[in-house]
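So the chains spell out like this:
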Amino acid sequence: MIRGVVVTIDGPAGTGKSSAAAALALRIGFEMLDTGAMYRAVALLAVEHGVDPSDEFGLARIMDRAAIVVDFTSRPPVVRIGDRDVSREVRSAAVTTIVSQIASHHEVRSRLVQAQRMLAETHPRLVTEGRDQGTIVFPDAAVRVWLDARAEVRARRRADELRARGIEANDADVLREILARDDSDRGRSEGPLAQPAGAVVVDTSDMSFDQVVDALVRVVADRTRETGADCHCGGCA
Ligand code: DC
């Protein structure tokens, strides 16, 4: 049972969920949780410890030994392994290539789902984004959003983002990588990527970033008014 107000944002890769969730959280005075970064931290542990991404129990063992921590003192929060800020490393190609396979395992998902629910207990006004937030982790969330965009648009944005960070990228390769990851995320039996029941759909294909954030602020305002959940955000009125 959720005591606070949770806003879930789910959707396929490259829809801009993390940036939109961070901007929404800032506007409405909530905290923000990037659950993809938690799965990426497990993938980074696997790379660093030489654990095969198919080795479910090997992954569980390294998770039980290392503390994956979301540090809410930074804005947006950063993911740490122990004391080490790994927010850059978790975006590496080595991690991106294996993270979907890592995220398919029950032993991995059950640990992170439990961690995410515990975080919502201590951070009760939360915008949380991922693939299963509105379906599995917080099915009772006051506001559930499904963020989508056409695949070509998602690939172009992701490629632009990589180029802006000085990483060579080609739209066609990024499109292939995104489609493969979506297929894998949709097809798994554990916490598959799926539109939550009752979610508000926001298709960002033809929207600017500011328009997306404005739309999300409106969705939160409308939904919390309809359901009687009071977010006390001061930004929804
Ligand atoms: O959003 P992202 O690209 O950082 O997510 C990385 C991977 O983690 C992606 O393949 C899907 C997976 N993921 C997941 O299975 N469940 C979540 N709640 C968040 C991410």
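A. Structural detail: the overall build of the protein chain. In terms of helices and strands, the protein chain carries 9 helices and 8 strands. Taking 2.2 N^0.38 as the reference for a compact globule, 237 residues should give roughly 18 Å; the C-alpha atoms of the protein chain span a radius of gyration of 17 Å, in line with that estimate. Principal-axis analysis of the C-alpha atoms gives the protein chain an extent of 50 × 40 × 35 Å. Considering only contacts in the protein chain between residues 6 or more positions apart, those separated by 24 or more positions represent 75%. When the accessible surface of the protein chain is summed, it comes to about 11100 Å², and 51% of that surface belongs to carbon and sulfur atoms. Separation between the mean location of the 31 positive side-chain charges and that of the 36 negative ones in the protein chain comes to 2 Å.

B. Main features of the nonpolar core. Core analysis: the largest hydrophobic core is formed by 36 residues, its most contacted members being Ile 102 and Val 108. Put simply, the parts of the chain that give this core at least two residues each are helix 2 (35-49), helix 3 (56-65), strand 4 (78-81), helix 4 (93-102) and helix 5 (106-122). Top contributing element to this core by residue count: helix 2, with 9 residues. Non-local contacts of Val 108, meaning those with residues more than four positions away in its chain, are made with Tyr 39, Val 42, Leu 59, Met 63 and Ile 102.

C. Summary view of the environment of Gly 187. Structurally, Gly 187 can be placed in helix 8 (residues 171-187). Separated by 83 residues in the primary sequence, Gly 187 and Ser 104 place their C-alpha atoms 9.2 Å from one another.

D. Focus on the sheet that holds strand 5 (residues 84-85). Taken together, 3 strands build an open sheet; the order of strands is 3-4-5 and the sheet is antiparallel. Looking at strand neighbours, the two that pair on one side only are strand 3 (68-71) and strand 5, the edges of this open sheet. In this structure, strand 4 lies alongside strand 5, joined through 2 bridges in antiparallel fashion. Bridge assignment links Arg 80 to a residue of strand 5, and that residue is Asp 85.

E. Structural view of the side chain of Lys 17. Within the secondary structure layout, Lys 17 lies in helix 1 (residues 17-28). Among buried Asp, Glu, Lys and Arg side chains, Lys 17 stands out as unpaired, with Glu 129 the closest opposite charge at 4.5 Å. Only 2.9 Å separates the side chain of Lys 17 from the backbone oxygen of Pro 12, close enough to count as a polar contact. The contact partners of Lys 17, leaving out residues within four places of it in the chain, are Ile 9, Asp 10, Gly 11, Pro 12, Glu 129, Gly 130, Arg 131 and Leu 147.

F. Molecular detail of the sheet that holds strand 6 (residues 125-130). Taken together, 5 strands build an open sheet; the order of strands is 2-6-1-7-8 and the sheet is parallel. Each edge of the open sheet carries a strand with a single partner, namely strand 2 (31-34) and strand 8 (200-203). Looking at each pair of strands side by side, their axes are set apart by 20° on average, direction ignored. Alignment of strand 1 (residues 5-10) against strand 7 (residues 143-148), held across 4 bridges, turns out to be parallel. Considered in strand 7, the bridge of Val 7 is made with Val 143. Contacts from helix 9 (residues 209-227) reach strand 1, strand 7 and strand 8 within the one sheet, and its direction differs from that of strand 7 by about 155°.

What counts, and where the lines are drawn
- Residues numbered from 1 in each chain as written.
- Predicted model: local features only at pLDDT ≥ 70, side-chain atom pairs only at ≥ 80, totals over all residues.
- Heavy atoms only, no water.
- Helix = DSSP H or I, 4+ residues; strand = E, 2+ residues; numbered from the N terminus.
- Rg over C-alpha atoms; globule rule 2.2 N^0.38 Å.
- Contact = heavy atoms within 4.5 Å.
- Areas by Shrake-Rupley, 256 points an atom, 1.4 Å probe, with all protein chains shown as cover.
- Lys, Arg positive; Asp, Glu negative; His and termini not counted.
- Charge placed at Lys NZ, Arg CZ, Asp CG, Glu CD.
- Core = buried A, V, L, I, M, F, W, Y, C linked by side-chain atoms within 4.5 Å.
- Buried < 20%, exposed > 50% of the residue type's maximum accessible area, 1.4 Å probe, protein only.
- Pairing = 2+ DSSP bridges.
- Salt bridge = Lys/Arg side-chain N within 4 Å of Asp/Glu carboxyl O.
- Polar contact = N/O pair within 3.5 Å; in protein donor to acceptor, adjacent residues only side chain to side chain.
- Axes fitted to C-alpha atoms, helices over the stretch in contact; angles between N-to-C directions.

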